[in-house]
Amino acid sequence: MGAKSRLYKLMSGKWSWPFLFILPALWVVFVSLGWTKEDIVEERVSEIWIATDGDYYEDKEYKDSLGMDDSTGASTFLGMALSREEGTNLFTEKRLEEIRARMELAEGTTVEHKGITYTWDDVCLGNNAGLNTAYKFPCVRLSPMDLFQEARWYFDEDDRLTWYNELIKKRLVLPRVGRFGTMTQSCSSQGGSETPVCDLLLALRTDNGTLIEQLGYPKGYNNTLLLFDDIGSLEMNHPCKKCIEENFEASMEQLTQAVKGIFGVMAAELQRLIVANVITDETELNAVSLLLQKVGIIYNMKTSRADVEDFNHYYVLRGLYAELGYGSYMRNYELIMSNPDFVDACTLFLGSDNCPTSVTEAEARQKLLKHADNTFSSVNTAGSPFPFWKTDKLGDFLKGANPLSGSGIDMSGDLLSAFAYFDVPRYGRDDWSPVYGASGYPDINSATFKSIVESDPIFAWFMAGQTEATSHCFNGPLPGPGFPGFELFLVSVQQNWCTKYDTPYETSETRTQQHFAKMFYDLLTASDGLLGIEVGVDDPYTWTTGQGCGYSLGGSRNPYTNFSDESILYNASRELYFIDEGVNLGALDRNLLIGGSNPAVGEYDFENPLKKVHVMQSLYVALTPQRLVEKVKNCNRPSGPVNITEDDANEILMKWKEEFTDVWSKDWDNDNVGEVKFVGFFDSVGASGTTEFLLEEITLSNGRLTTISIVVIALVSALFLVSFDVIESRVLITLFGVGLVVLSFFAALGFGLMIGIKINVNIAWTLPFVIIGLGVDDMYIVLLSLKERTGYTRVDFISAMKEVIIPVTMTSLVNASMFAIMCLVNIPAVYKTAQMALISVVFLYLTILFCFPAYCWLDLKRQAAGRMDVLICLKSKNDDGNGDGDSNDDDGEGKGKGDDEKPGSFLYAKIYHPLVLGDNDCVRYIVHAIVWIGAIALLAVGIYGITSREVGLGLEDFFPKDNQAHTWATVRTKELASWPIKINWGELDYTDPDTQMQMIQQFEDIVESPHVSHTDTDFLWLADFQIWGSTHCTANFDRDDAEIKECGADQMFQGDENDLCTVDWVVNKYDLKVKRNKDPKDEVCYPFDEGICRSSSMMHSKDLDILNITEEDDRSWCPVIPQWSDEKLQYCLGRWRYFTGGSGGLILEDDATPNDECAGEEYRDATVVVPIKYSEGPGLFSYGLTSHSETVDLIDETREICDEHATLHCWMTGIPYDYWEQYLYVDEILVFIAGVSVAVGFGVAAIFLFSQLKYEQRRDQNSHSTGKILVGSLAGAFLIAMTCVLTLIPVIGLSVLSNVNFTAFSNMSFVLSVGFAVEYSVHVVHRFLEAPLQIKNSKNRVEHTMSFLILPLTLSFISSTIGVVCLAFTEFEFNRTFFFRPLIIVMFTTYYYGCLFLPVLLSSFNWGFMNLGKTTRGSILVKEALQDENDS
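Residues numbered from 1 in each chain as written. Predicted model: local features only at pLDDT ≥ 70, side-chain atom pairs only at ≥ 80, totals over all residues. Heavy atoms only, no water.

### Thoughts on the state of the cysteines
Piece 1. Tallied over the entire structure, the rule returns 11 disulfides.
Piece 2. The disulfide partner of cysteine 1033 is cysteine 1047, and the gap between their sulfur atoms is 2.0 Å. Taking the torsion about the sulfur-sulfur bond, which here is approximately -90 degrees, the covalent link between cysteine 1033 and cysteine 1047 counts as left-handed. A residue pair is termed long-range when its members are at least 10 positions apart, and cysteine 1033 in the loop between helix 37 (1021–1028) and strand 13 (1064–1067) and cysteine 1047 in the loop between helix 37 and strand 13 qualify at 14 residues.
Piece 3. For cysteine 1047, a relative accessible area of 6% corresponds to the buried category.
Piece 4. The disulfide partner of cysteine 1202 is cysteine 1210, and the S-S distance across this bridge is 1.8 Å. (Disulfide = S-S within 2.5 Å. Helix = DSSP H or I, 4+ residues; strand = E, 2+ residues; numbered from the N terminus. Buried < 20%, exposed > 50% of the residue type's maximum accessible area, 1.4 Å probe, protein only.)

This is the structure we're talking about:
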């Protein structure tokens, strides 16, 4: 007895109970354990969509292995605003105000976690301007609203103060004012310089208009204030700039030494004076002692380079006040004196000598200097420079010939006169000769000491820092004479410059004289005469630095309030900048932020202004959980620092993303609310984002439809197997079978969950509707095989099971093999679904062959006992007693259905047979012709459809139309088709000049490719590092510590002054970009500087000397690191990072020094890991990705530059590469899995057919030869494979014509057609080959085959189709497109080819080698077939 017989003999014996209960019990365990796990749904798109092998995957894995995963990055929200009325202009006052209000509302979003409230300031990135300023500066947010002044709501009071103190005053004003003094005194003829290289620039900027016109400079170039911009923006090779920097550094070093010398020698001399006991007057002695105390403090604590630069700043400001203000003074003075009444009054009070009607330039300058040196006044501290007040602090108008107020420090004396007084250079030498003589002593009360030492601005300034003063800043009315006519004048000259930030404000407090002097000069700096900025009130929107194209120093961004649409659009027709005006971020890529514009982005400017903008997008940047943990520890956190875990941070970020998205998109679908629609998208970096929130919803939303499909399948199955003969009816066993199939399927999913396979959207929306159908199909085969038997005996049971075990095993093995092959695909959506499907096929196979038959045996026993279906406790009244036979009778002689009962069905007898296999030749031929034509037509349409294929699944396909993200995705694709991307490098020889130049070449080629936005080369970390190490470094311009120089040329490796962090210049052999040489006569503003290489004419003179070339040399040169050791590279990178804040994604040791002043902050002194194993470029943006093919083009274009580079490997990252990379080879994947699935189907079918047929022939006297069986098996396998191919092509083509693009999801659906084709064709071919030997005619053999199979195969088709039809009722268009459409085509196409075309084809195969059955007796079908053959 064979193994099959033994198995089912055991199952139908007393050991049937293990088969009844063990597997169901095990399935229940798997369901219980798997489905009760937490986190069973795969909500991360990356774990579904991103390929898990290949070069791109390996590159990402390499990066992740270094700890450089998403936790080190940032998360972004793209908030879109668009006109509700399609095609209308968004840039109107009303709509822009609506956008501003929504942005302000969204930025006020808060969430609670464990009783603590978290705000946007907690979550956002970059709300600081350096150490100790966290939470005191605005968060990073890029928006077209930054074009308009009204966006200033974004700045609160703390933000404005930080902006002014840390950026304007510290970075803009302080470095320039001191250098202005150097420019005018050391680099121009004005100061008597022997190399007046700045004369032309000074002449042009201060010109009355004649010179600039003669020399061809643009109108407006003659602006004195722009000298401040020149001081900072001139190239380091410019003669004026070189002179300024060299002389400024030298003068500050000399001045620092001079200041230290003055106070050092003075302290020593005063000490010597006291020790000598030559002072007899106690008052004088006390005065000397007090002076010594102050001088000692100054010498020991106040003579650093920073203190000296501070003095120089205010000293130059004094002169600058006169230089820049004399013209205004002259005009205003003449305006005042043009009033005869005023002249008369002035003459009356002061005399005609003090009331001239005009002043000269020299007099005006002198008046302003006198004002600066005058006594400080708390009444309108900045005062009025006009000389009509008394000398006392609160002197009345027209009661004296002095200005009102002043700095309180008289710096009108000769600079460094004290230096000469004490003969500081020769102090301690024999030739030392102070004014008072080497043997004498300084007399602090002498006229000489007062006129030389005390008048020295250095002495006056530093002593003022040790001298107390009591006053305040106040915007009170100017004191006047109190008679009619002059009050209006006093109001006109009153300047309310004091702010509450100028402390002490309104109430007097004691400070130092120096404190109030700084207040005076700072107010002058902020006044309209200089910067015109109001501290604590102005911000980057009301006061611009002029560093961005189209903006001027002291200007403002344009408002939209009270402006026409045309004016708003015109003012917006410019480059777009963040609040830095391009200094740190460059010009923003408008392709990401402005859409639906006319003219298009890149084509509009002031000459061709905007006519319409339909959509704008704002980009918000949030921290990742890892960085959020550190952020909220900060001492400046408004509601106090908190300690949280990374899990807490993840929960906070996820809550905040949800809440922020909800606030932003509120009423997006209500056209009655406002004129602007708001929609947005949050990425998944750090915590779940928009896609994940929806993905989980989509994945879990299949429950209702799954339940409906299962119920309908069960009902339909029961309907087909119900009978009026209540004994023959098989409703109960059918329902049991469906239940077991469902249980085994969910057990398979539970087992998958147990081993770590999460339920993804592909699993949720394919397997329940497909796998259950396949399982039910096999159940039908078993039930109908039993129904075909002529009795209820064990022999009938075993015979039926032996007949089905081979085809069921074959179909299961082919399906399992197909899913196993899919596991080789590198897309998680495919291989994880295939893994789950493979487990399901195995579980279903075990259930159908090792459990369900045991229940079928019980049902046979019910029938044998004459018991009713469903109501099994009752016997049928129509039972004639035949049912009482012993169904366990091994000899098969027990009573059964009766030998005269002809198997078959209504479907076969009344429909299928008459049409397809009937005796009416005309009807049969017509039907066959129609079937052939249909098959060929389907094949042709399929081929045509495949040639029209498109690839890709966009976010607009994924999000349902009733979700705001669908609108965002649709508009993004159409009008804002841009994604952030980045270039990455691994471990390279970063000190090799060729490697460096090739890295820069790759970067420049990437940003010049058709779909990548433009970015200057110096934003690349390597380029910035190289410039830092060159003569063109600007880090010393505004260094944090005046004592420490910050350029590479100032950093000594291992203390060796000859081993500096300096670069070499080499010939530009790779044709890298050259820095733009800005022509001051060119009126066009260029937002980009291009490269870092330089033409010879732009090289620094020092480098020209080293290279031994002249400016006329026609070559260009690039900076390179000259083969440093790892140790030096590490040192220099560390210094570069510390001073400039450079990053480049370099890997750092965890050894940064914490900021003791404020927790949650660190210094930039972490050690760079060398050799460098990873680095990255700056954030870039791809654009123009309006279709999947454009996105694939982007990948191809950049891959050619990076991945396919001959010697230097780099790789690109970003959403296009993560999610569209697979579309490069999606066709190949489909061909691979389909081809291999068909090939495996062929191989498995051939092996099983051969093995089974050979085995069945072992006892047959008319057994067939091995060769014949082999040929027949191969022919059968070929027919199965052919059916699969004929099915695949129409399925793919028809799906394409139904607007189903090639994706991982659709590919899975396409290839499932192989499974269904195998399900049909294996059964048909197997039964055809095994038809009884006596049936020779192929038509009769097909009748033998289909008379049994048409019902189970049709039932399988119906049940599977029911499941798929349920998908049509999903609320998600994504499911309908990528699952329902291809699967419903699969259902009908496979049924057509498997149950119509294949039988029609076989009916013409009268080939003996396919007649491999055994001799069978007693079969009604055999008798009829033989009779038909005899009749013919």
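### Some words on the side chain of glutamine 1026
Piece 1. With respect to the helices and strands, glutamine 1026 occurs in helix 37.
Piece 2. Exposure remark for glutamine 1026: the relative accessible area of 0% places this residue in the buried category.
Piece 3. Setting aside chain neighbours within four positions, we find glutamine 1026 in contact with Gln996, Ile1000, Val1063, Ile1092, Pro1119, Val1120 and Ile1121. (Contact = heavy atoms within 4.5 Å.)

### Considering the packing of helix 2 (residues 16–35) against helix 31 (residues 852–864)
Helix-helix packing is described using two parameters, namely the angle between the two axes and the distance between the axes.
Piece 1. One way to put it is that helix 2 packs onto helix 31 with a least axis distance of 8 Å and a crossing angle of 135 degrees. Relative to helix 31, the element helix 2 is oriented oblique. In the packing of helix 2 onto helix 31, the handedness of the crossing is left-handed. Residues Ser16, Phe19, Leu20, Phe21 and Pro24 of helix 2 form the contact with helix 31, whose own contacting residues are Ala854, Tyr855 and Leu858. (Axes fitted to C-alpha atoms, helices over the stretch in contact; angles between N-to-C directions. Parallel < 35°, antiparallel > 145°, perpendicular 65-115°, else oblique. Left-handed = near helix turned anticlockwise from the far one by under 90°.)

### Observations concerning the pattern of salt bridges
Piece 1. Under the criterion given, the structure shown has 62 salt bridges.
Piece 2. With a shortest N-O distance of 3.0 Å, aspartate 921 and arginine 924 are connected by a salt bridge. In this pair, aspartate 921 and arginine 924 both sit in helix 33 (residues 921–947), three residues apart, roughly one turn of the helix.
Piece 3. The structure contains a network of salt bridges with shared partners spanning Glu249, Glu253, Arg305, Glu309, Arg1039 and Lys1045. (Salt bridge = Lys/Arg side-chain N within 4 Å of Asp/Glu carboxyl O.)

### Quick look at the pairing of strand 3 (residues 116–119)
Piece 1. Relative to strand 3, strand 2 (residues 110–113) runs antiparallel, the two sharing four bridges. Bridge assignment links histidine 113 to a residue of strand 3, and that residue is isoleucine 116.
Piece 2. Hairpin connection, strand 2 to strand 3: the antiparallel pair is bridged by two residues, and lysine 114 has positive phi, about 55 degrees. (Pairing = 2+ DSSP bridges.)

### Observations regarding the packing of aromatic side chains
Piece 1. For the coordinates displayed, the defined rule picks out 81 aromatic pairs.
Piece 2. For the ring pair phenylalanine 91 and phenylalanine 148, a centre distance of 5.6 Å and an interplane angle of 80 degrees mean the geometry is edge-to-face. A residue pair is termed long-range when its members are at least 10 positions apart, and phenylalanine 91 in the loop between strand 1 (74–83) and helix 5 (93–107) and phenylalanine 148 in the loop between strand 4 (141–142) and helix 7 (157–186) qualify at 57 residues. One exposure class covers both phenylalanine 91 and phenylalanine 148, and it is buried.
Piece 3. Note on phenylalanine 958 and phenylalanine 959: the rings are 5.5 Å apart at their centroids and 70 degrees apart in plane angle, and the pair reads as edge-to-face.
Piece 4. For phenylalanine 959, a relative accessible area of 1% translates into the label buried. (Phe/Tyr/Trp six-rings, centres within 6.5 Å; stacked < 30°, edge-to-face > 60°.)

### Examining unusual backbone geometry
Piece 1. Here threonine 503 and proline 504 are connected by a cis peptide whose omega angle stands at 0 degrees.
Piece 2. With an omega dihedral of 5 degrees, the bond running from valine 1170 to proline 1171 counts as a cis peptide bond.
Piece 3. Positionally, proline 1171 belongs in the loop between helix 39 (1126–1140) and strand 16 (1175–1176).
Piece 4. One non-glycine residue, glutamate 506, adopts positive backbone phi at about 70 degrees.
Piece 5. On the secondary structure map, glutamate 506 appears in the loop between helix 19 (487–493) and strand 8 (509–512).
Piece 6. Judged by relative accessible area, glutamate 506 falls into the partly exposed class, the value being 43%.

### Structural notes on the sheet that holds strand 14 (residues 1094–1095)
Piece 1. Taken in spatial order, the three strands line up as 13-15-14 in an open sheet, and their pairing is antiparallel. Edge positions in the sheet fall to strand 13 and strand 14, since each of these pairs with one other strand and no more.
Piece 2. As paired elements, strand 14 and strand 15 (residues 1116–1120) share two bridges and run antiparallel to each other. The residue of strand 15 that forms the bridge with serine 1095 is serine 1116.
Piece 3. Against the sheet, helix 36 (residues 993–1008) makes contact with strand 13 and strand 15, and its axis sits at roughly 110 degrees relative to strand 15, the strand it touches most.

### Let's talk about a nonpolar patch on the surface
Piece 1. Nonpolar side chains collect at one region of the surface, where Leu26, Val29, Leu33, Met754 and Ile755 lie side by side and expose about 410 Å² of accessible area between them.
Piece 2. Top contributing element to the nonpolar patch by residue count: helix 2, with three residues.
Piece 3. When you line up the elements, leucine 26 lands in helix 2. (Patch = residues over 30% accessible without salt bridge, like charges linked within 9 Å, V, L, I, M, F, W, Y side chains within 5 Å. Areas by Shrake-Rupley, 256 points an atom, 1.4 Å probe, with all protein chains shown as cover.)

### A closer look at helix 24 (residues 646–664)
Piece 1. End to end, helix 24 covers 26 Å across 19 residues, agreeing with the expected 27 Å (1.5 Å per residue, within 8%).
Piece 2. The complete set of buried residues in helix 24 reads Asp648, Ala649, Ile652, Leu653, Met654, Trp656, Lys657, Phe660, Thr661, Val663 and Trp664. (Expected span 1.5 Å × (residues − 1).)

### Overview of the environment of serine 840
Piece 1. Mapped onto the elements, serine 840 comes out in helix 30 (residues 828–850).
Piece 2. Take serine 840: its relative accessible area is 0%, and that puts it in the buried class.
Piece 3. Between the C-alpha atom of serine 840 and that of alanine 816, which follows or precedes it by 24 residues, the distance is 8.9 Å.
Piece 4. Apart from residues no more than four positions distant in its own chain, serine 840 is found in contact with Phe745, Ala748 and Ile771.

### Topic: the confidence of the model for the protein chain
As a general rule, the predicted coordinates of low-pLDDT regions are not to be interpreted in detail.
Piece 1. Summary statistics for the protein chain give a mean pLDDT of 87 and a share of 93% for residues scoring 70 or more.
Piece 2. Scored below 50 in pLDDT, residues 1417–1426 shows 16 contacts in the model against residues more than four places distant or in partner chains.
Piece 3. Note on residues 1428–1432: pLDDT under 50 across the span, and seven contacts to partners over four residues away in sequence or across chains. (pLDDT = per-residue confidence, 0-100.)

### Side note on the packing of helix 45 (residues 1338–1367) against helix 46 (residues 1373–1402)
Piece 1. Relative to each other, helix 45 and helix 46 sit at 175 degrees, their axes nearing to 9 Å. With respect to helix 46, the element helix 45 is oriented roughly antiparallel. The residues of helix 46 that touch helix 45, namely those facing Ser1338, Val1342, Met1346, Ile1350, Leu1353, Thr1354, Phe1357, Ser1360, Thr1361, Val1364, Val1365 and Leu1367, are Arg1376, Phe1379, Phe1380, Leu1383, Ile1384, Met1387, Phe1388, Tyr1391, Cys1395, Pro1399 and Leu1402.
Piece 2. A breakdown of the residues in the contact of helix 45 with helix 46 according to their chemical character gives 18 nonpolar, four polar and one charged. (Nonpolar A, V, L, I, M, F, W, Y, C, P; charged D, E, K, R; others polar.)

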